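# Chain and residue survey
One letter stands for each residue in the lines below.
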There are 2 protein chains.
Amino acid sequence: MDIKLEHVAPGDIERRSFEIIEREAGPRLPQGIERSVVQRVIHTTADFDYAENLVFSREAVERGIAALRSGASIVTDTQMAKAGVNKQSLARCGGEVFCFMSDPDIREAAGRAGTTRASACMDKAAGLCRPLIFAIGNAPTALVRLCELIGEGKVRPELVIGVPVGFVNVVQSKELLLSLPVPQIVARGRKGGSNVAAAICNALLYQARERP
Amino acid sequence: MDIKLEHVAPGDIERRSFEIIEREAGPRLPQGIERSVVQRVIHTTADFDYAENLVFSREAVERGIAALRSGASIVTDTQMAKAGVNKQSLARCGGEVFCFMSDPDIREAAGRAGTTRASACMDKAAGLCRPLIFAIGNAPTALVRLCELIGEGKVRPELVIGVPVGFVNVVQSKELLLSLPVPQIVARGRKGGSNVAAAICNALLYQARERP
């Protein structure tokens, strides 16, 4: 068998990947500042469905970038998404990333309320007195609870990245978010994931660093 | 707008998800022990393409489960995959999970060799004197280097989970792995990811726990 590797220097792999995405999906990608977010999600997943799935509220990307530049922190619903966020870039902007899923008080709170740990995490996050971007990459229960808290005025996110994945209430949780007047980036349908949540955070972070 | 949430108790969400996957994709899923692995990857990604993409060498799942039960450890190429592996289940079997990507010596080694950090991680892992499962969810350069090390007889993995994602040498790295006589689970094509790598590890871990 003859397997031909393409010779690409380590520092050029990402640029080359983005070139291929542009070549194969360019006409399907949004214009403007949203483009780099969609590109990075496709780069992370190799799934061109995100060219159509990802929807942005008006100026969501601009608002996310501005929030990060002002030192906003990120709340995620999985340790995987937390691991995937570029914490060096985030720290340079003055923010940090929180995931409460493994906290002992969360297990107790979820048990008491008869809900999921992911849902209980949103209540805990609502108690953080600082500007927040929520990046929900796994649990629709987290996104549903976050929407409730927004509706009750208990939390006012700078941006919600609503990309939970799966089969039970995932589509509904995203439609619920879409019905709210909050800055948002949503992967419509069943697809999403911790990797997608982290990729969107990083796309915003890299723009926050690069753009004047 | 009327958004109807399905009422599912927190402890039943996963079971309900697997029911939906069975209902919608049952005939496309492999029979036998591989089925639970494919189900869990679809559960993680909501991407039914994995019903066809995932290929298994003969008894790969059985060998992975046996290795985990004997205390094998897992080496991954991303902190995200490491974060996603169920470390409690793994520790109960006697294993642990390694990712060397953030190690200071890896950056130096990669710089000296003119390669990627992911590739340098494989050399470091080859020095671990213990049974290992490699779960490559991101970097084709890691998988190519691992294949070289296997070819040179410098490492003999119990199992290779080859699911890097992307556009540069990803397909080739997987075809290279498929050409080697090593136990393997591969996501053919461009798709894969840290989430997929972790999901496959966890599917094996849960089987290791459950099966007699």
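Residues numbered from 1 in each chain as written. Chains lettered and ligands numbered in written order. Predicted model: local features only at pLDDT ≥ 70, side-chain atom pairs only at ≥ 80, totals over all residues. Heavy atoms only, no water.

Definition in use: UniProt positions are given in the numbering used here, feature names are shortened, and annotations may be inferred rather than shown by experiment.
Under an unreviewed UniProt entry, the name given to chain A is Precorrin-8X methylmutase, and the source organism is Harryflintia acetispora. If you open the UniProt record of chain A and go to Pathway (unreviewed entry), you find "Cofactor biosynthesis; adenosylcobalamin biosynthesis." Word for word, the UniProt comment on chain A under Sequence similarities (unreviewed entry) is "Belongs to the CobH/CbiC family."

## Things to note about the relation of the copies chain A and chain B
To be explicit about the condition: The fit set for superposing copies consists of C-alpha atoms from residues with pLDDT of at least 70 in both; the fit itself is least squares. The contact rule is simple, with two residues in contact once any of their heavy atoms fall within 4.5 Å.
Least-squares fitting of chain A to chain B yields an RMSD of 0.0 Å, with the superposition described by an axial translation of 0.0 Å and a rotation of 180°. The transformation just described matches what one would write down for a two-fold rotation axis. Residue A:Met80 of chain A places its C-alpha closer to the rotation axis than any other residue of that unit, at 2.4 Å. Both copies present the same face, since 100% of the interface residues in chain A are matched by interface residues at the equivalent positions in chain B.

## Quick look at the UniProt feature "domain: Cobalamin biosynthesis precorrin-8X methylmutase CobH/CbiC" (unreviewed entry) in chain A
Note the cut-off: Comment: elements are numbered from the N terminus, with helices defined as DSSP H or I runs of at least four residues and strands as E runs of at least two.
UniProt records the feature "domain: Cobalamin biosynthesis precorrin-8X methylmutase CobH/CbiC" (unreviewed entry) at residues 12-206 of chain A, using the numbering of this structure. Taken end to end, residues 12-206 of chain A is 54% helix and 11% strand, and its two terminal C-alpha atoms sit 17 Å from one another.

## Re the sheet that holds strand β2 (residues 73-76) of chain B
Residue and element names in this part refer to chain B. Which entries qualify depends on this criterion: For two strands to be treated as a pair, DSSP must find at least two bridges joining them. In this analysis, axes come from line fits to C-alpha atoms, helices being fitted only over the stretch in contact, and the angle between any two N-to-C directions falls in the range 0 to 180 degrees.
The 6 strands lie next to each other as β1-β6-β5-β4-β2-β3, forming an open sheet whose pairing is mixed. Edge positions in the open sheet fall to β1 (54-56) and β3 (97-98), since each of these has one partner strand only. By the bridge criterion, 4 bridges tie strand β4 (residues 132-136) to strand β5 (residues 159-162) in an arrangement that is parallel. Each bridged residue has a counterpart across the sheet, and for isoleucine 133 the counterpart in β5 is leucine 159. On the sheet, helix α11 (residues 194-210) packs against β1, β2, β4, β5 and β6 (184-187) and is oriented at approximately 145° with respect to β5.

## Points about unusual backbone geometry
Here is the rule we go by: Three labels apply to residues, based on accessible area from a 1.4 Å probe with only protein chains included: buried if under 20% of the type maximum, exposed if over 50%, partly exposed otherwise in between.
One non-glycine residue, A:Asn169, lies in the positive phi region at around 65°. As for its position among the elements, A:Asn169 is in the loop between β5 (159-162) and α10 (170-178). The class for A:Asn169 is buried, based on a relative accessible area of 12%. One non-glycine residue with positive phi stands out, namely B:Glu59, at about 60°. Tracing the sequence through the fold places B:Glu59 in the loop between β1 and α4 (60-69).

## Points about the interface of chain A and chain B
To be explicit about the condition: Defined here as a combined quantity, buried area equals the accessible surface (1.4 Å probe) lost by two parts on assembly, summed across both. What makes a salt bridge here is a side-chain nitrogen of Lys or Arg within 4 Å of a carboxyl oxygen of Asp or Glu, nothing more. For this analysis, a polar contact is any N or O atom pair within 3.5 Å, provided that within protein one partner can donate a hydrogen and the other can accept it, and provided that sequence-adjacent residues contribute only side-chain to side-chain pairs.
With 44 residues of chain A at the interface, the matching set in chain B holds 44 residues. In total, chain A and chain B occlude about 3,400 Å² of area from one another, counting both sides; carbon and sulfur atoms represent 72% of this. Interface area lost by chain A to chain B is led by A:Met80, A:Phe167 and A:Val168, which between them contribute 21%. Our count for the contact surface shared by chain A and chain B stands at 4 salt bridges. When the shortest N-O distance is used, the salt bridge between B:Glu24 and A:Arg190 registers 2.6 Å. Between chain A and chain B we count 7 residue pairs in polar contact (both at pLDDT 80 or more) in total.

## Here's the deal with the pattern of salt bridges
It is possible for side chains of opposite charge to pair when their charged atoms get near one another. Applying the stated rule across the entire model yields 39 salt bridges over all chains. Notably, a salt bridge pairs A:Lys4 with A:Asp2, separated by 3.0 Å at the nearest N-O pair. Each of A:Asp47, A:Asp49, A:Lys191, B:Asp47, B:Asp49 and B:Lys191 takes part in salt bridges that share partners, so that together they form one network.

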